[in-house]
Amino acid sequence: MSSPHKTIVRALITEKGTGMRERGNMYIFHVARDANKIEIKKAIETIFSVHVSSVRTMNVPGKMKRMGKFFGYRPDWKKAIVALNEGETIDLFEQV
């Protein structure tokens with residue numbers, strides 16, 4: 001990937017993610033589907049100026065949705081769970 005901002009699509013803020021952030025200092029991001037763990041780690045460290053200890057990724061399949069009598073699928077996407085070193089936080093999540 002060329003830019004860290006193209007690798008990280010957006011931050012995910014959910015109840016489960018909030019619990020992970022409070023207990024384990026982990027953050028959840030929606031990332032580009034072709035990004036690997038090394039690119040995700042470099043992008044997070046570049047954008048937020050923190051040190052990443054581990055990255056876990058998962059591919060999320062798109063759900064089948066229906067509009068009237070027609071069926072379709074939402075697009076597949078990739079999720080990354082990023083763990084930071086002790087004592088570091090990402091200020092973006094603390095403002096919410």
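So, a few notes on the structure that sits alongside this text. Quantities reported herein were computed from a predicted structural model and do not represent experimental measurements. (Residues numbered from 1 in each chain as written. Predicted model: local features only at pLDDT ≥ 70, side-chain atom pairs only at ≥ 80, totals over all residues. Heavy atoms only, no water.)

Notes on the pairing of strand β5 (residues 70-73)
- Relative to β5, strand β4 (residues 64-67) is paired through 4 bridges, and the arrangement is antiparallel. Residue pairing in the sheet places R66 in a bridge with F71 of β5.
- Taking the residues that link successive antiparallel strands as the turn, the β4-β5 hairpin has 2 residues, and the phi of G68 there is positive, at about 70 degrees. (Pairing = 2+ DSSP bridges. Helix = DSSP H or I, 4+ residues; strand = E, 2+ residues; numbered from the N terminus.)

Quick look at the packing of aromatic side chains
- Within the structure shown, the criterion is met by 1 aromatic pair.
- Between F29 and F48, the aromatic rings sit 5.9 Å apart at their centres with planes inclined by 35 degrees, giving tilted as the arrangement. Of this pair, F29 sits in strand β2 (residues 26-31) while F48 is found in helix α3 (residues 37-48), placing the two residues 19 residues apart along the sequence.
- Under the relative-accessibility criterion, F29 is labelled buried at 1%. (Phe/Tyr/Trp six-rings, centres within 6.5 Å; stacked < 30°, edge-to-face > 60°. Buried < 20%, exposed > 50% of the residue type's maximum accessible area, 1.4 Å probe, protein only.)

Observations regarding the nonpolar core
- I8, F29, I40, I44, V82 and L84 are the most contacted members of the largest nonpolar core, which totals 16 residues.
- Counting residues per element, the ones that place at least two in this core are β2, α3, β3 (52-60) and β6 (77-84).
- Ignoring anything within four residues of it in the chain, the contact list for V82 reads N25, M26, Y27, F29, I40, I44, V52 and S54. (Core = buried A, V, L, I, M, F, W, Y, C linked by side-chain atoms within 4.5 Å. Contact = heavy atoms within 4.5 Å.)

Section: the environment of I40
- Mapped onto the elements, I40 comes out in helix α3.
- Residues I40 and V52, spaced 12 residues apart in sequence, show a C-alpha to C-alpha distance of 9.7 Å.
- Every residue in contact with I40, bar those within four places of it in the chain, is listed here: T7, I8, V31, A35, V55, T57, A80 and V82.

Here's the deal with a nonpolar patch on the surface
- Where nonpolar side chains cluster on the molecular surface, the patch consists of M64, F71 and Y73 and spans about 410 Å² of accessible area.
- Position of M64 relative to the elements: it lies in strand β4.
- Classification of M64 by relative accessible area gives partly exposed; the value is 48%. (Patch = residues over 30% accessible without salt bridge, like charges linked within 9 Å, V, L, I, M, F, W, Y side chains within 5 Å. Areas by Shrake-Rupley, 256 points an atom, 1.4 Å probe, with all protein chains shown as cover. Salt bridge = Lys/Arg side-chain N within 4 Å of Asp/Glu carboxyl O.)

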